[in-house]
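Summary of structural features
Chain by chain, the residues:
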Amino acid sequence: MSRRMSRPVLAAVLSLAALVSACSPADDDETASDTTSATTSPSTSSDACATDALQTQTDGKLTIGTDKPAYEPWFVDDDPANGKGYESAVAYAVAEELGYAKTDVTWVPVKFDAAIQPGPKNFDFDINQFSITEERQQVVDFSSPYYDVTQTVITTGESKAATATTIADLKGRKLGAQVGTTSLAAINEVIAPSSDAAVFNSNDDAKIALENGQIDALVVDLPTAFFITAAELDNGKIVGQLPPSTGDQEQFGLLLDKDSPLTDCVSMAVDALRSDGTLDELQQQWLAQAAGAPVLK
Amino acid sequence: MTAPAEAFPQLSLVEQERRAYRRGRAHRSSLVAGASTVIFLAVVGTAIVLSPGWPRVKSQFLDVGYGWEVLPDVLRGLWLNLRVLLISALLVLVLGLVIASARTLRGPVFFPVRFLAAAYTDLFRGIPLIILLYLIGFGVPGLRLEFVTTNVVVLGTAALVLTYSAYVAEVFRAGIESVHPSQRAAARSLGLSYGQTMRRIVLPQAVRRVQPALLNDFVAMQKDVGLISILGATDAVRAAQINVAQSFNFTPYVVAGLLFVLLAIPSARLADWVQLRAIRRQQAGGAA
């Protein structure tokens, strides 16, 4: 029996081997041409960032990714294409700076894990409150920062954390944050609470847990803190801002594929928007004022 | 090997040749099988390693140093998985058996009981576990009842038990119904009550028959236990996810995946052993 089996099996293995090895070089060729085109792209100068020279997903179009649902105050009505909300406005300003009309911009929904995976990306850049860290820069590119962010503790009036005025007051409380955020890192590094932080899929889940009393306070970025306490929580309250954990200011950047040919041009666009005051203006327009949120010591 | 040779000391030349030939073929078969396996693995391995994205995939999925670094975090999460798993597995067995027994009660008087048991399995087998977790984990504390816990691990375990007891009840019911009616009839004619018949005649046979299916559900549950993380508890997968989000490196997921495989292997061997033992016992009984 086994004698009769072995030949077809061997044949199958060999043909599979032939098949796999036949596929592999084809892939190699493809990338080889990719890399050549990437290396032949002109070095960074203003000419290199001319709209025609930009190697985007679709020629003449700019594809921008963000998560869905897109939350306020970064986006409005879960519709990134309406130009409302700080990140939508910044994305369109960057597009304009790069020479794309509003109609040339396409939005694609990109989940967090999809944005950071090593395979080919389906967006030119992703704008979704990504904090820039050195660790992350080993696997993706970030543009120049477009927003300086601080982490903020919020709660409701009924919570045990409502009376906290110092970081030490928060140590014994049950704190929560959304997974994948630097807010969670801030809890662990700045507050270092005695019980483990509760980690949620989204701030929506965390808000329910806060209202249920399953957590005492929630850590989010400052603009989100203003929005949630004002618009979404009954009796919502800002406890205060947390100092940065490393001493460096935390900043949001646009996320691009590692070694994307667009990174330098997108960074130049963001830099231009900062120096001509556009970023400040858009912050004034879309993000609530930081006044009234004490910094916790 | 020597015993048959002594019993039949003189093999004919033809037979000796025949045996030598068979040994040769068997030897050749195992060589070919070994070689083809090595070639197959080499081809797949080479295809992966030579693929254009391999260096990047390697550094983002198989970073050994980083994997060790996150191992304690993931293990701490896994400890939660294990505790929830053991407690809910016990509760599921008890509740599943009760529901299956209720559903297989005979007689028109018990119609409401049978109806409720059927409704229970329909509802909790049908509803996606994630949605049940949200309803129980966030909905129940929202009622603000003083005497009900807000602990997400307890609430999450309750949701798991509801879902899995519905599955397991159906497995038990299938086992109970697979026992031939003549067994019940014989038991009743010997003077055993309904309860005694179930306990001594039907259930032992039923449970033995469904053991593989039960262990299957147990392995499935090992992985579903982690879903309680959506309520804010940090299980192994969540612990991995937190680290992935921090570093943008997927190695922690691979670490968590390997740990779950390691966890499933003892269950699989246990299932094999239980099955083997059952077969031996049954056959031993038949021979005697």
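Cut-off values and rules
Numbers given for residues are sequential positions, taken from 1 along each chain in its written order. As a convention, the first chain written is A and the first ligand written is 1, with the rest following in written order. Selection of residues for local features in this predicted model requires a pLDDT of at least 70, selection of side-chain atom pairs for listing and counting requires 80 or more, and totals for whole chains, interfaces and linings are taken over all residues. Note on conventions: DSSP H or I runs of at least 4 residues are helices, E runs of at least 2 residues are strands, and numbering of each starts at the N terminus. Think of it as a crowd count around each C-beta: if 20 or more other C-beta atoms lie within 10 Å the residue is buried, if 12 or fewer it is exposed, and in between it is partly exposed, with C-beta placed from the backbone throughout. Contact between two residues is assigned whenever their backbone-derived C-beta positions fall within 7 Å. The reference for a compact globule is 2.2 Å times residues^0.38; the radius of gyration itself is calculated from the C-alpha atoms. Strands were regarded as paired on the criterion that DSSP finds at least two bridges between them. Lines are fitted to the C-alpha atoms to define the axes, a helix being fitted only along its stretch in contact, and any angle between axes, read from their N-to-C directions, falls within 0 to 180 degrees. Note: pLDDT gives the predictor's confidence per residue, expressed from 0 to 100. Only Asp, Glu, Lys and Arg are considered charged, only Ala, Val, Leu, Ile, Met, Phe, Trp, Tyr, Cys and Pro nonpolar, and every remaining residue, Gly among them, polar. Source of the domain bounds: an automatic or database domain assignment. By this rule, a helix spans an expected 1.5 Å times one less than how many residues it contains.

What follows concerns the overall build of chain A. Summing up its helical and strand segments, chain A has nine helices and 10 strands in all. Considering chain A as a whole, with its 297 residues, one finds that 43% of them fall into the buried category. Sequence separation of at least 24 residues holds for 72% of the intrachain contacts in chain A that already meet a minimum separation of 6.

Turning our eyes to something else, we now look at the overall build of chain B. Along chain B, the regular secondary structure elements total 11 helices and zero strands. Scanning chain B from its N terminus toward the C terminus, one meets helices and strands in the order α-α-α-α-α-α-α-α-α-α-α. Over its C-alpha trace chain B gives a radius of gyration of 27 Å, far above what one expects of a compact globule, namely 19 Å for 288 residues. Across its three principal axes, chain B shows a C-alpha extent of roughly 85 × 70 × 25 Å. Within chain B, the proportion of its 288 residues that are buried is 28%.

In this section: the sheet that holds strand β6 (residues 175-178) of chain A. Residues and elements named next belong to chain A. The five strands are arranged β7-β6-β8-β5-β9 in an open sheet whose pairing can be described as mixed. Looking at strand neighbours, the two that pair on one side only are β7 (198-200) and β9 (236-241), the edges of this open sheet. Here the strands of the sheet are splayed against their neighbours by 30° on average, with no regard to which way each runs. The sheet contact formed by strand β5 (residues 151-156) and strand β8 (residues 217-221) spans four bridges and is antiparallel. By the bridge assignment for β8, Val153 is matched with Val219. Sheet contacts for helix α5 (residues 182-191): β5, β6, β7 and β8; angle to β6, the most-contacted strand, approximately 150°.

Here the focus is the confidence of the model for chain A. Residue and element names in this part refer to chain A. Across chain A, the average pLDDT comes to 80, with 81% of residues at 70 or higher. Low pLDDT (under 50) marks residues 1-5, which in the prediction has three contacts with non-local residues, meaning those over four places away or in another chain. Within the model, the stretch residues 17-45 combines pLDDT values under 50 with 22 contacts to residues more than four positions away or in other chains.

So, on to the interface of chain B and chain A. Chain B puts 33 residues into the contact, and the matching count from chain A is 38 residues. Sorting the residues of the side of chain B that touches chain A by element identifies α2 (13-50), α3 (54-61), α6 (129-142) and α10 (236-247) of chain B as the ones contributing at least two each. Per element, the largest residue contribution to the side of chain B that touches chain A is 11 residues, and it comes from α2 of chain B. Grouping the constituent residues of the side of chain B that touches chain A by class yields 17 nonpolar, 13 polar and three charged.

On to the pairing of β5 of chain A. Residue and element names in this part refer to chain A. Most of β5 sits out of view: six of its six residues are buried. Residue alternation in β5 divides its side chains into two sets, Gln151, Val153 and Thr155 and Thr152, Ile154 and Thr156, and both sets are buried. As paired elements, β5 and β9 share five bridges and run antiparallel to each other. Each residue of the ladder has a partner; that of Val153, found in β9, is Gly240.

Our next topic: the domain arrangement of chain A. Residues and elements named next belong to chain A. Annotation of chain A at the domain level lists domain 1 (51-149 + 249-286) and domain 2 (151-241). Here domain 1 and domain 2 have C-alpha centroids that lie 27 Å from each other. Between domain 1 and domain 2, the contact holds seven residues from the first and six residues from the second. Among the residues forming the side of domain 1 that touches domain 2, the class breakdown is three nonpolar, two polar and two charged.

Residue and element names in this part refer to chain A. With eight of 10 residues buried, strand β4 (residues 140-149) is to be regarded as a mostly interior element. Taken together, the seven bridges between β4 and strand β10 (residues 250-257) define a ladder with antiparallel strand orientation. Residue Tyr147 lies in a different strand from β10, and its bridge partner there is Phe252.

Residue and element names in this part refer to chain B. In this model α10 runs 17 Å from its N-terminal to its C-terminal C-alpha over 12 residues, within 8% of the 16 Å that 1.5 Å per residue would give. Along α10, the residues classified as buried are Ala236, Val237, Arg238, Ala239, Ala240, Gln241, Ile242, Asn243, Val244, Ala245 and Ser247. The first or second residue beyond α10 is Phe248, which carries a positive phi of 60°.

Now for unusual backbone geometry. All names here are of chain A. Following Lys68, the chain continues to Pro69 via a peptide bond in cis, the omega torsion being 0°. Checked against the element boundaries, Pro69 lands in the loop between β1 (62-66) and α2 (86-97). The omega torsion across Glu72 and Pro73 is 0°, close enough to zero to call that bond cis. Take Pro73: it is sitting in the loop between β1 and α2. The phi dihedral of Ala192 is positive, around 45°, even though this residue is not glycine. C-beta crowding within 10 Å serves as the criterion here: with 11 such atoms nearby, Ala192 is assigned to the exposed category. Phi at Asn235 is positive, roughly 60°, even though this residue is not glycine. Inspection of the secondary structure assignment puts Asn235 in the loop between α7 (222-232) and β9. For Asn235, a count of 12 C-beta atoms within 10 Å translates into the label exposed.

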